[in-house]
Amino acid sequence: MSATLEVAIFLSMNGRAKEALAFYQNHFNAEVSLLVTYEDIAKRDSSLQLTDQNKHDIAHSVLSIGKTKIMLAESHMDTGEKYTVGNNTSLCIQSADLEEIERFYKSLTADDRVRILAPLSGNVFSKAYGVIEDPFGIQIQLMYDDRLK
């Protein structure tokens, strides 16, 4: 395994990410290392449906509570599914080793019990990003992140 591999907790907040971020900062002295709004993403991806209501919403954020990274966003991974507590949590497995992420994805998707929610592909924030649901109902994001080097 690469030295850059890490797993972070990802919380989908159903439109309350700003509130949750402030809560964790206030109560746990969480430090925000990344905050991306939908407006920020729209500057790089013109296909995003930007509205006055969602442009300041948090598309992705990373905060640290001690040595633990927590990621927060407004939406959950499977947008076709109704939000309920339980489907708002996923694991985000990330590495600065692209081959490692590709290997994990290939291994996971070879298991016919795994459901692909988003195929591994490049996008505006990663050369390789995908989402699967494991046989136990856990949603797992796989992401290449060269900032981990």
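Bear in mind the structure is a predicted one, so any value in this text is a computation, not a measurement. (Residues numbered from 1 in each chain as written. Predicted model: local features only at pLDDT ≥ 70, side-chain atom pairs only at ≥ 80, totals over all residues. Heavy atoms only, no water.)

1. A closer look at the pairing of strand β4 (residues 68-73)
Of the strand pairs in this sheet, strand β1 (residues 6-12) and β4 are connected by four bridges, and their pairing is parallel. In the strand pairing of β4, Ile 9 is matched with Ile 70. Of the pairings in the sheet, the one linking strand β3 (residues 58-65) to β4 comprises five bridges and is antiparallel in character. The partner of Ser 64 across the bridge, within β4, is Lys 69. Hairpin geometry of β3 and β4 is characterised by an intervening segment of two residues between the two adjacent antiparallel strands and by a positive phi of about 65° at Gly 66. (Pairing = 2+ DSSP bridges. Helix = DSSP H or I, 4+ residues; strand = E, 2+ residues; numbered from the N terminus.)

2. Quick look at the sheet that holds strand β5 (residues 89-95)
Across the sheet, which stays open at both edges, the eight strands sit in the order β2-β3-β4-β1-β5-β8-β7-β6 with mixed pairing between neighbours. For this open sheet the edge positions go to β2 (31-37) and β6 (115-121), each flanked by a neighbour on one side alone. Across the sheet, the mean angle from the axis of one strand to that of its neighbour is 20°, orientation sign disregarded. Docked against the sheet, helix α1 (residues 17-28) engages β1, β2, β3 and β4, running at close to 10° with respect to β3. (Axes fitted to C-alpha atoms, helices over the stretch in contact; angles between N-to-C directions. Contact = heavy atoms within 4.5 Å.)

3. A short note on the side chain of Ser 95
Note that Ser 95 resides in strand β5. Residue Ser 95 is classed as buried on the basis of its relative accessible area, which comes to 0%. Only 2.7 Å separates the side chain of Ser 95 from the side chain of Glu 100, close enough to count as a polar contact. Setting aside anything within four residues of it in sequence, one finds Ser 95 in contact with Ser 2, Thr 4, Leu 5, Glu 100, Ile 101, Met 143, Tyr 144, Asp 145 and Leu 148. (Buried < 20%, exposed > 50% of the residue type's maximum accessible area, 1.4 Å probe, protein only. Polar contact = N/O pair within 3.5 Å; in protein donor to acceptor, adjacent residues only side chain to side chain.)

Distances and angles like these do not, on their own, reveal function.
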